[in-house]
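# Results of the structural survey
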Amino acid sequence: MTHNLRDVFNDTQTWVFDLDHTLYPPDVPLFAQMEVRIVDYMCRVLHLDRDTANALRADYWRDHGTTLAGLMAEHQIDPDPFLWDVHQLDFSVVPQSPNLRDLITRLDNRKIIYTNGTAPYAEDVITARGIVGLFDAIYGVEHAHYHPKPNRAAFETVFSLDGFDRTKAVMFEDDPRNLEVPKEMGLTTVLISPTPNHSAFIDYQAADLEEFLSQIT
């Protein structure tokens, strides 16, 4: 099986990695910090109580792809101050992984990160993770004109900006809804999640990125 899986990915020219809960495990308490800061920001800017703000945060994430997209659509907030504020986090909670660094290093050809966060935030995360310097490009929501995954417009913008051959690219994601459009666009999709998903647009899945990369490198 391992040999066959290596063969499947042998011709890959571009490796596209999501960031949060993909390049680090979902139990790392980083996103939880961000959610607190998002609620704080919404309370200040929209003059809401915390319970109302937290419910809206979840609703906007579900309905718009990100809370930011919902805030822009429903309240016309300026995205840049929001993005700066919510990414002021304690990155010391992110564990370094020499093994992940080794596995990514062994992947041939182009490696990029595409996140619904910002590129500077991604740099902070991969620095803390010990995998900085391994990627050819990092794209954040700002590169997609603030359109978030899973919106097709976001993928079209970022993928066109990078210019890679979509039929020879692989995308790793923890959120299954962010893999449907890439699959339609020709990418091979890999879900990184402990929760099994049998959607037709998911080609492969694993509970952990390191586990999967160890089978193909």
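Structure report, in brief.

Definitions and cut-offs
- Every chain is numbered independently, its residues counted from 1 as its sequence is written.
- Restriction of local features to residues with pLDDT of at least 70 applies here, the model being predicted, together with a cutoff of 80 or more for giving and counting side-chain atom pairs; totals for whole chains, interfaces and linings are based on all residues.
- To get the side-chain values, all heavy atoms of the structure are used, and hydrogens and water are removed first.
- Counting from the N terminus, the helices are the DSSP runs of H or I reaching at least four residues and the strands are the DSSP runs of E reaching at least two.
- Just to be clear, the radius of gyration here is over C-alpha atoms, and the globule rule we use is 2.2 Å times residues to the power 0.38.
- For each residue, the accessible area found with a 1.4 Å probe, counting protein chains only, is set against the maximum for its type, and the residue is called buried under 20%, exposed over 50%, and partly exposed in between.
- In this analysis, two residues are considered to be in contact whenever any of their non-hydrogen atoms come within 4.5 Å of each other.
- Each accessible area is a Shrake-Rupley result for a 1.4 Å probe, and residues are judged covered by the shown protein chains and nothing else.
- Taken from the helix axis, the directions to the C-beta atoms give the arc we talk about.
- Pairing of N or O atoms within 3.5 Å defines a polar contact, subject to two protein rules: one partner must be a possible hydrogen donor and the other a possible acceptor, and residues neighboring in sequence count only if both atoms are side-chain atoms.
- All axes here are fitted lines through C-alpha atoms, helices being fitted over the stretch that makes contact, and every angle between N-to-C directions spans 0 to 180 degrees.
- Roughly parallel here means an angle under 35 degrees, roughly antiparallel means over 145, roughly perpendicular means 65 to 115, and every remaining angle is called oblique.
- Throughout, the ten residues Ala, Val, Leu, Ile, Met, Phe, Trp, Tyr, Cys and Pro are labelled nonpolar, Asp, Glu, Lys and Arg are labelled charged, and all others, Gly among them, are labelled polar.
- Whether two strands pair comes down to DSSP finding at least two bridges between them.

What the protein contains, in helices and strands, is 10 helices and six strands. For 217 residues, the compact-globule formula gives about 17 Å, and the C-alpha radius of gyration of the protein, at 17 Å, lands near that figure. Looking at the 217 residues of the protein, the share that counts as buried comes to 51%. In the protein, 62% of the contacts between residues at least 6 apart in sequence involve partners at least 24 apart. Here the protein displays about 9,900 Å² of accessible surface, and carbon together with sulfur accounts for 50% of that area.

Before going further, it helps to spend a moment on helix α5 (residues 79-86). Looking only at α5, the buried set comprises Pro79, Phe82, Leu83, Asp85 and Val86. In an axial view of α5, the angular spread of the buried residues amounts to 165°, which keeps them on one side of the axis. Structurally, α5 contributes buried residues whose contacts are with α2 (31-46) and α4 (67-75). N-cap assignment for α5: the residue whose side-chain oxygen lies 3.2 Å from the backbone N of aspartate 80 is aspartate 78.

With that settled, consider the packing of helix α3 (residues 50-64) against α4. Close contact between α3 and α4 brings their axes to 7 Å; oriented N to C, the two are set at 95°. Considering the angle they form, α3 stands roughly perpendicular to α4. Between α3 and α4, the residues in contact are Arg57, Tyr60, Trp61 and His64 and Thr67, Ala69, Gly70, Leu71, Ala73, Glu74 and His75, respectively. Grouping the amino acids of the contact of α3 with α4 by side-chain chemistry returns five nonpolar, four polar and two charged.

Let us now look at the pairing of strand β2 (residues 110-114). Most of β2 is tucked away: four of the five residues are buried. As paired elements, strand β1 (residues 14-17) and β2 share four bridges and run parallel to each other. Opposite tryptophan 15, over in β2, you have lysine 111 as the bridge partner. Pairing analysis gives three bridges linking β2 to strand β3 (residues 137-139), with the strands arranged parallel. Across the sheet, tyrosine 114 pairs through a bridge with tyrosine 139, a residue of β3.

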